[in-house]
Amino acid sequence: QDEDDQKILELPASRIRRLGVADDNLDELQKGERVVAIFPETTSFYRAMVSKAPKRGPGGSPPREVVLKFEDDEDDSGRTPHRRVSLRYVLRERPQAKAPRPPPRPRPPPQPKNTEPQ
């Protein structure tokens, strides 16, 4: 449900993604890879880029967080801060299917030239 206008949005199951799914291989994220993640202290997803790949914890335990740079997150000096985010709030960005191109518009018929003197 959209909180702003109280509309209920229905999606097909193929468009729904679960957070924290082990088969996403998030512990294999690479620096520079594009993701979407919940911005810290919010409930909203934003696009981000991995700025530091996740590292295994003590004793080889699976990584729990990744360091990201979020789009449009510049501070007053124009720098984008590195932010730590729990891997359970990160999704790999899926390539978006390109929208089909609209058919070309028909050209209007040529206008007859005016041959009368003015």
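Remember, it's a predicted structure, so these values are computed and weren't measured experimentally.

Parameters at a glance
Residues numbered from 1 in each chain as written. Predicted model: local features only at pLDDT ≥ 70, side-chain atom pairs only at ≥ 80, totals over all residues. Heavy atoms only, no water. Helix = DSSP H or I, 4+ residues; strand = E, 2+ residues; numbered from the N terminus. Buried < 20%, exposed > 50% of the residue type's maximum accessible area, 1.4 Å probe, protein only. Contact = heavy atoms within 4.5 Å. Areas by Shrake-Rupley, 256 points an atom, 1.4 Å probe, with all protein chains shown as cover. Pairing = 2+ DSSP bridges. Axes fitted to C-alpha atoms, helices over the stretch in contact; angles between N-to-C directions. Salt bridge = Lys/Arg side-chain N within 4 Å of Asp/Glu carboxyl O. Phe/Tyr/Trp six-rings, centres within 6.5 Å; stacked < 30°, edge-to-face > 60°. pLDDT = per-residue confidence, 0-100.

1. Remarks on the overall build of the protein chain
- A count of helical and extended segments in the protein chain gives 0 helices and 5 strands.
- In the protein chain, the succession of α and β elements from N to C terminus is β-β-β-β-β.
- The proportion of buried residues among the 118 residues of the protein chain is 18%.
- By sequence separation, contacts in the protein chain at least 24 residues apart represent 44% of the contacts at least 6 residues apart.
- Summed over its atoms, the accessible surface of the protein chain is roughly 10,600 Å², and 49% of this surface lies on carbon and sulfur atoms.

2. Things to note about the sheet that holds strand β3 (residues 65-70)
- One open sheet accounts for 5 strands, arranged β4-β3-β2-β1-β5; its pairing is antiparallel. In the strand order of this sheet, the two ends are held by β4 (83-86) and β5 (90-92), each with one partner. The average undirected angle you get between the axes of adjacent strands in this sheet is 50 degrees.
- Pairing analysis gives 4 bridges linking strand β2 (residues 45-52) to β3, with the strands arranged antiparallel. Bridged to M49 within β3 is K69.

3. Digging into the pattern of salt bridges
- In the structure shown here, the tally under the stated rule is 7 salt bridges.
- Salt bridges sharing partners connect three or more residues here, namely R34, R47, E71 and E93.

4. Some words on the packing of aromatic side chains
- On inspection of all chains with the given rule, the structure shows 2 aromatic pairs.
- Where F39 meets Y46, the ring centres are 5.8 Å apart and the plane angle is 75 degrees; that geometry is what we call edge-to-face.
- Look at F39 and F70: their rings are 4.9 Å apart centre to centre, the planes differ by 65 degrees, and that puts the pair in the edge-to-face class. Here F39, found in the loop between β1 (34-38) and β2, pairs with F70, found in strand β3; they are 31 residues apart in sequence, far enough to count as distant. Each member of the pair F39 and F70 is classed as buried.

5. Observations regarding the confidence of the model for the protein chain
- A residue-level look at the protein chain finds 84% of positions with pLDDT of 70 or above and a mean pLDDT of 82.
- Per-element mean pLDDT across the protein chain ranges from 90 in β5 up to 95 in β2.

6. Notes on the side chain of S51
- Mapped onto the elements of the fold, S51 is located in strand β2.
- Look at S51 and you get buried, because its relative accessible area is 14%.

7. What about the pairing of β1?
- When you tally the buried positions in β1, you get 4 out of 5 residues, the bulk of the element.
- Both β1 and β2 contribute to a ladder of 5 bridges, which runs antiparallel. Across the sheet, V35 pairs through a bridge with A48, a residue of β2.
- The turn joining β1 and β2, which pair antiparallel and follow one another in sequence, is formed by 6 residues; a positive phi near 70 degrees is taken by E41.
- Pairing analysis gives 3 bridges linking β1 to β5, with the strands arranged antiparallel.

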